[in-house]
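Breakdown of the fold
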Amino acid sequence: MDSASVHSNIVVKSSFMAEEALANFGLFIDSENRIRLIDPERITDSNQLRDDCKDFTENVFEFKKLVDTLIERTEEYSKQVEAVRLKTIGAKNLMKSTAKHRKFEKQQLQSLIKEKMIELDRLRVEYESLQKINHSQNEQMQ
């Protein structure tokens with residue numbers, strides 16, 4: 001082995017030992033050779049988790065917007081359906097009322113027809129009676 005390679009091994013081993021010694025005290029060296037209180041891998045994981053949480057939060061807010069829009073449209077549709085339902089009930093009640101009114105008018109007209117038929121029969125009988133009297137008087141006058 002040449003001296004450069006030995007020197008390189010010693011530097012690597014001493015660097016590794018220094019990192020282990022610092023890690024025992026809760027200190028770490030990052031890729032830029034800066035001393036950190038938190039393990040650089042944990043920082044990377046934390047950053048990734050933070051980014052994932054941010055994405056998740058954005059997705060939840062977007063989902064909430066969609067749900068709010070859906071609820072709003074459903075409420076509007078519900079109001080429209082209710083308005084149509086009330087109009088239908090009103091039309092149905094009007095039809096029932098009209099049918100009852102027609103039935104009542106029909107009964108009144110039938111009653112009036114019966115009265116007129118009775119009056120017609122009475123007048124017919126009176127007419128026949130008057131004709132008989134007239135005929136009888138004509139015979140007596142002759």
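Just so we're clear, the structure is a prediction, and the values are computed from it rather than from any experiment. (Residues numbered from 1 in each chain as written. Predicted model: local features only at pLDDT ≥ 70, side-chain atom pairs only at ≥ 80, totals over all residues. Heavy atoms only, no water.)

**Here we look at the overall build of the protein**
The number of helices and strands found in the protein is two helices and two strands. Listed N to C, the secondary structure of the protein is α-β-β-α in terms of helices and strands. Of all 142 residues assigned to the protein, the portion counted as buried reaches 1%. When the accessible surface of the protein is totalled, it reaches about 13,500 Å², and 59% of it is carbon and sulfur. (Helix = DSSP H or I, 4+ residues; strand = E, 2+ residues; numbered from the N terminus. Buried < 20%, exposed > 50% of the residue type's maximum accessible area, 1.4 Å probe, protein only. Areas by Shrake-Rupley, 256 points an atom, 1.4 Å probe, with all protein chains shown as cover.)

**Regarding the UniProt feature "coiled-coil region" (unreviewed entry) in the protein**
This chain's UniProt record puts "coiled-coil region" (unreviewed entry) on residues 106-140. Secondary structure content for residues 106-140 is 100% helix and 0% strand, and the end C-alpha separation is 50 Å. (UniProt positions renumbered as here; feature names shortened; annotations may be inferred.)

**Section: the pattern of salt bridges**
All chains considered together, the criterion is met by five salt bridges. Between glutamate 126 and arginine 122 there is a salt bridge, with the nearest N and O atoms lying 3.3 Å from each other. Within this pair, glutamate 126 and its partner arginine 122 are both found in helix α2 (residues 40-141), separated by four residues, close to a single helical turn. Given a relative accessible area of 39%, glutamate 126 falls into the partly exposed group. Residue classification places arginine 122 among the partly exposed positions, given a relative accessible area of 46%. (Salt bridge = Lys/Arg side-chain N within 4 Å of Asp/Glu carboxyl O.)

**Focus on a nonpolar patch on the surface**
On the surface, a nonpolar cluster with roughly 280 Å² of combined accessible area is contributed by Ile113, Met117 and Leu120. Relative to the elements of secondary structure, leucine 120 occurs in helix α2. Residue leucine 120 is classed as partly exposed on the basis of its relative accessible area, which comes to 38%. (Patch = residues over 30% accessible without salt bridge, like charges linked within 9 Å, V, L, I, M, F, W, Y side chains within 5 Å.)

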